[in-house]
Amino acid sequence: MNTINGVFVDIDHVAPSWRFCFCEGCPQHGGCLRFQTGLLVPDSMTCGSAIFPSAFRNGSCRHFKQIRIIHAAYGFSPLFREVKQKDFTMLRTQMKKYLGGHGTYYRYNRGERLLTPEQQEWILQLFARHGYTENMGFEHYRDVLDFSE
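Quick look at the structure, then. Please read all numbers here as calculations on a predicted model, not as lab measurements.

1. Re the side chain of Q36
One can find Q36 in helix α1 (residues 33-38). A polar side-chain atom of Q36 sits 3.0 Å from the main-chain carbonyl oxygen of H29. Residue contacts for Q36: discarding those within four places in its chain leaves I4, H29, G30 and I67.

See below:
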């Protein structure tokens, strides 16, 4: 099973834009998500985006990505459960704008994309600014590795 710090990693679902690292000589590789995911690349994967050894300069790597486990969320039903009809469209429109559009909003709602803690906080603050503070949360939560750039 492919795990990093006890969290399952499905390499097939890592974004195609993710940059892997294979620089074993880098002193930061033990705590770097890019290097650790590089160790999980299957033999069937023969090309992709990678970090070059020249990225390591003056004792650090410009592309170092600290391994971070986040409590990610998805599903918006609980947020809208107590929302008044007059606020519904405005709140949903603001969320769509923040999340990157109509399609992206629904990907977060269905769990195809997961909200980072920072995104969750922004959304909860949006609802709080409009008076919704009781029982605010998301439908589902999962602990996952933070692959945000």
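2. Overview of unusual backbone geometry
Phi at N5 is positive, roughly 50°, even though this residue is not glycine. Its place among the elements puts N5 in the loop between β1 (3-4) and β2 (7-8). Look at N58: it is not a glycine, yet its phi comes out positive at around 50°. In this fold, N58 is placed in the loop between β5 (56-57) and β6 (60-61). Given a relative accessible area of 84%, N58 falls into the exposed group.

3. Some thoughts on the state of the cysteines
Under the definition given, this model contains 0 disulfides. Take C23: it sits in no disulfide, and the sulfur closest to it among the cysteines is that of C21, at 3.7 Å.

4. So, helix α3 (residues 85-99)
Residues three or four positions apart in an α-helix share a direction because the helix packs 3.6 residues into each turn. Taking 1.5 Å per residue as the helical rise, α3 with its 15 residues ought to reach 21 Å, and the 22 Å between its terminal C-alpha atoms agrees with that figure. At its buried positions, α3 is contacted by α2 (77-80), α4 (102-110) and α5 (117-129).

5. Focus: the nonpolar core
Core analysis: the biggest nonpolar cluster contains 16 residues, and F76, L79, F80, M95, I123 and F127 have the highest contact counts within it. The set of elements that each furnish at least two residues to this core consists of α2, α3, α4 and α5. Excluding residues that lie within four positions of it along the chain, I123 makes contacts with L79, M95, L99, L115 and F138. Counting residues in hydrophobic clusters, the runner-up holds 12 residues, among them V7, I11, I67 and L145.

6. Thoughts on α4
Every buried residue of α4 is accounted for by T104, Y105 and Y108. End-on view of α4: buried residues confined to an arc of 105°, all on one side of the axis. In this structure, the buried residues of α4 make contact with β7 (69-74), α2, α3 and α5. At the exit of α4 stands G111, carrying a positive phi of roughly 90°.

Reading the values: the criteria
Residues numbered from 1 in each chain as written. Predicted model: local features only at pLDDT ≥ 70, side-chain atom pairs only at ≥ 80, totals over all residues. Heavy atoms only, no water. Helix = DSSP H or I, 4+ residues; strand = E, 2+ residues; numbered from the N terminus. Polar contact = N/O pair within 3.5 Å; in protein donor to acceptor, adjacent residues only side chain to side chain. Contact = heavy atoms within 4.5 Å. Buried < 20%, exposed > 50% of the residue type's maximum accessible area, 1.4 Å probe, protein only. Disulfide = S-S within 2.5 Å. Expected span 1.5 Å × (residues − 1). Core = buried A, V, L, I, M, F, W, Y, C linked by side-chain atoms within 4.5 Å. Arc of directions from axis to C-beta.

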